[in-house]
Amino acid sequence: MTASKKSNSLTAEEGPMWITADCEDPLYNRPVIDSESDHTTPVPHHKVSGHFEGTDKRFNFYFPLKSQWKGRFFHLVYPLIDENATDETLSFGADSGAYTVQTNGGGGYRVDAAAAKFSRTVAASYYGSSERIYGYIYGGSGGSFQTIGAIENTSGIWAGAVPFIPGVPTSIPNNFFARAFARFVLEEKAQQIADTVSPGGSGKPYVGLSEVERAVLDEVTKLGVPLRAWEDYTYLLGMNDPQGLLGFGEVVRTTDSNYVNDFWSKPGYLGTEQSALGEKYRNAKIDHISTIIKVNRNEQNEPISIVLNNVPEDLTTTGLDYTLYAAEGTPKVETLRGSLDPVTMVFTIGSETPESVLSAMNEGSKLRIDNRWYLALLSYHRHQVPQRPGYDAWNHLRALDGTPLYPQRPLEVGPMISLGVTGRGTHTGMIQGKVIMVANLFDNDAYPWHADWYSARVKDSIGERFDANFCVWYNDNADHIGPRTHRLVQYEGILHQALRDLSAWVERGEEPLGSTHYDVVDSQVKVPDNAAVRRGIQPVVDLTVNGDNRIDIPAGQTVTFKAKIQVPPGSGKVVGSDWDFLGSGNFEALSFGKPNETVVVKATFTYNKPDTYFPAIRVTSQREGDPNTSFAKVQNLGRVRVVVQ
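Please read all numbers here as calculations on a predicted model, not as lab measurements. (Residues numbered from 1 in each chain as written. Predicted model: local features only at pLDDT ≥ 70, side-chain atom pairs only at ≥ 80, totals over all residues. Heavy atoms only, no water.)

Regarding the pairing of strand β15 (residues 346–349)
The alternating pattern of β15 places F347 and I349 on a buried face and V346 and T348 on a face that is not buried. Relative to β15, strand β11 (residues 303–308) runs antiparallel, the two sharing three bridges. Each residue of the ladder has a partner; that of V307, found in β15, is V346. Pairing between strand β14 (residues 338–341) and β15: four bridges, direction antiparallel. By the bridge assignment, D341 is partnered in β15 with V346. Connecting β14 to the antiparallel partner β15 that follows it, the hairpin turn spans four residues, and M345 within it adopts a positive phi of roughly 60°. (Buried < 20%, exposed > 50% of the residue type's maximum accessible area, 1.4 Å probe, protein only. Helix = DSSP H or I, 4+ residues; strand = E, 2+ residues; numbered from the N terminus. Pairing = 2+ DSSP bridges.)

Here you go:
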């Protein structure tokens, strides 16, 4: 198990560890079974729990009835999950003839590989089988990094993989910082942009924007922020995120501590740029020194809050740093955590403040209040243009000769973070099994073009074997974290079908339906309207109201909806349609007859109250045409606009 793939012994080399079915990982070579138990819920299964001696890593294996098991296991990975599978994960595995493996692995794939290998030994004993056991790994977001690291750097552990909502080595922190950048400039125009990209909108998001606003919208769109996702601008702009999408800012502060000073003093950065955007940055800058005039203490004489002599005018509470100085001109003591009330000028000290800082807090001490780091981080992506070829999404930040337009920082932070999650894998595309990748077209967090980027890496790496080993399915009207609003659909069904099709591909040579047909234009992924042309496995909906995608009517008028629903050839049948005539998220199932590959449904509704409505139909398909199963049900939406005067 080495980076060179030529030995069965582990080395300390910096590259990813090559793990095979017969090698021994010295860190995870002592699995211990702690308990075994039989359960009846959520489905009958035998649970085996254990740990790896000398580590804090634990595992659970969930074995369904022998009559259900078909010689395979499914293995979900994600950096933040523990070893306890959800009822849905366990039930889906059993329904698919698979036992379930799960660990509290965290970063990388080594412990998951060790658990997967040990699970085979336990399964063979439990089921009394000597037949080959096929394994399939899958994971989304950070789990996609782990999944890709695993399928590229192991052999004989997993026969295939389903990475979903995939990230790439530049995703973190750039995807989030770019959206924070958009918020800084476009928050006041967000609702206007949203209206243009909503159903029945003009489709012209740049109209009505200033030159600076157009330039910033163009910049983040070309980086990959989905234009249609602006309809939910509150999420896209992180308006409910306490950290304002800058949660990875601490990594930059630690690894690139000089960045903030360079941003505000050197050419090539918006802090000094002589432009309207640069001026906006400087006008937003806060850098203020206050004097502590009183220290409020608790009964233990510990400081709990401080009173300041003044605070900056027009003080924002977003992105402020508070730095304590024992006296003016002295080195800083520490950056404080807490909250400032600008009206009372009282700063409440956070409970995590160390004793060394509390003891230095006295009347006459100085508190620096500034947002220099916050503003500087917003455009950090400009100074992280990837050196690795293939990142076309950054082309607008390059000159014609390919050199970056702006100064570049000494370290690319994204690939560094990626290495920690993948287990030092570098997204080479050299897959060691079959892969079905699933991506979502409304994904703000892992941009849709990421799947295309990785697809190109695989094609470059395995060449003529590409079609026999890799495909990508795009999911429309779905984002990163599931249906958090009624404008989105659940994408778990497509994952279920991907795992089932993957196992059939590996075990029986049954090729899955082909990749979704798509084009990438300025980092925006576009798919055809026709299901037969689009391919993949998601149903396609063509919804109209009175024959159009938008109508303006007087109150009291009855309108007619018509929806043509098609599934890509061979992907199943339509099994459900749910209507939401008011666009409120309250869907009601209406019968359309027997499941079929093409379904046309009509409905009428009377609008009595003046308002703007976005009626929707949510449709569901299923491979076997089974409306009663809980699994592998693939959804999509059709939406229109009704304006009632």
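So, helix α4 (residues 171–186)
The terminal C-alpha atoms of α4, which comprises 16 residues, lie 22 Å apart, in line with the 22 Å expected from a rise of 1.5 Å per residue. A large share of α4 lies buried, amounting to 16 of its 16 residues. (Expected span 1.5 Å × (residues − 1).)

Details of the sheet that holds strand β26 (residues 598–607)
Taken in spatial order, the three strands make up an open sheet running β21-β23-β26, and their pairing is antiparallel. The sheet terminates laterally at β21 (540–545) and β26, the two strands that pair on one side only. Put simply, the sheet's adjacent strands are angled 15° from each other on average, direction ignored. Sheet topology places β21 next to strand β23 (residues 557–566); six bridges connect them, and they run antiparallel. When the sheet's bridge partners are listed, T544 is paired in β23 with K562. (Axes fitted to C-alpha atoms, helices over the stretch in contact; angles between N-to-C directions.)

Overview of the environment of D479
One can find D479 in the loop between β18 (470–475) and α15 (492–508). By relative accessible area, which is 0% here, D479 ends up buried. Placed 314 residues apart in sequence, D479 and I165 show a C-alpha to C-alpha distance of 8.2 Å. Ignoring anything within four residues of it in the chain, the contact list for D479 reads I165, Y235, N440, F442, D443, R484, L488 and Y491. A polar contact of 3.2 Å, which involves the side chain of D479, links it to the backbone nitrogen of I481. Side chain to side chain, D479 and R484 meet in a polar contact 2.6 Å long. (Contact = heavy atoms within 4.5 Å. Polar contact = N/O pair within 3.5 Å; in protein donor to acceptor, adjacent residues only side chain to side chain.)

Some words on the pattern of salt bridges
Two side chains of opposite charge can pair, provided their charged atoms sit close to one another. By the definition in use, this model includes 30 salt bridges. The salt bridge partner of K57 is D56, with a shortest N-O separation of 3.9 Å. On the basis of relative accessibility, which here comes to 16%, the residue K57 falls in the buried class. Here E510 and R508 are joined by a salt bridge, their closest N and O atoms 2.9 Å apart. Residue class for E510 comes out partly exposed when judged on its relative accessible area of 41%. Through salt bridges with shared partners, a single ionic network connects D232, D479, R484 and R487. (Salt bridge = Lys/Arg side-chain N within 4 Å of Asp/Glu carboxyl O.)

A short note on the sheet that holds strand β5 (residues 72–76)
In a beta sheet, neighbouring strands pair by backbone hydrogen bonds and run either parallel or antiparallel. Taken in spatial order, the nine strands of this open sheet run β2-β3-β4-β6-β5-β7-β9-β17-β18, and their pairing is mixed. Where the open sheet ends on each side, the last strands, each with one partner, are β2 (31–39) and β18. Strand-to-strand twist of the sheet, defined as the mean angle between neighbouring strand axes without regard to direction, takes the value 20°. In the packing of helix α1 (residues 87–95) onto the sheet, contacts are made with β3 (45–52), β4 (58–64), β5, β6 (98–103) and β7 (134–141), and the angle to β6 comes to roughly 150°.

As for unusual backbone geometry
Looking along the chain, the bond that leaves T41 and enters P42 is cis, with omega of 0°. Structurally, the position occupied by P42 is in the loop between β2 and β3. Following I172, the chain continues to P173 via a peptide bond in cis, the omega torsion being 10°. One can find P173 in helix α4. Of note, the phi angle at L245 is positive, near 70°, even though the residue is not glycine. Along the polypeptide, L245 turns up in the loop between α7 (233–236) and α8 (249–255). When its relative accessible area of 7% is taken as the criterion, L245 is described as buried. Its identity is not glycine, yet N477 carries a phi of approximately 55°, on the positive side. Relative to the assigned elements, N477 resides in the loop between β18 and α15. N477 gets classed as buried once you look at its relative accessible area, which sits at 10%.

What about the side chain of R639?
One can find R639 in strand β29 (residues 633–639). Polar side-chain contacts of R639 include one of 2.8 Å to the side chain of E231. With residues near it in sequence (within four places) discarded, R639 still touches P199, E231, R487, L543, F614, P615 and A616.

Some remarks on the packing of aromatic side chains
A full pass over the atoms with the stated rule returns 41 aromatic pairs. A ring pair is formed by W69 and Y127, whose centres lie 4.1 Å apart and whose planes are at 5°; its orientation type is stacked. You can see W69 sitting in the loop between β4 and β5 and its partner Y127 sitting in helix α2 (residues 110–127), a full 58 residues away along the chain. Assigned by exposure class, W69 and Y127 land together as buried. (Phe/Tyr/Trp six-rings, centres within 6.5 Å; stacked < 30°, edge-to-face > 60°.)

Describing helix α14 (residues 449–462)
Under the 1.5 Å per step criterion, the end-to-end length of α14 is 20 Å for 14 residues, consistent within 8% with the ideal 20 Å. The set of residues buried in α14 consists of W449, H450, A451, W453, Y454, S455, R457, V458 and I462.

Some points on the confidence of the model for the protein chain
Of all residues in the protein chain, 98% attain a pLDDT of 70 or more, and the chain-wide mean is 95. Across residues 1–13, confidence stays below pLDDT 50; counting only partners more than four residues off in sequence or on other chains, it has 35 contacts. (pLDDT = per-residue confidence, 0-100.)

Notes on the pairing of strand β9 (residues 160–166)
Most of β9 is tucked away, with seven of its seven residues classed as buried. Alignment of β7 against β9, held across six bridges, turns out to be parallel. The residue of β9 that forms the bridge with I137 is A161. Bridge count for β9 against strand β17 (residues 434–440) is three bridges, and the pairing is parallel. The residue of β17 that forms the bridge with A161 is V435.

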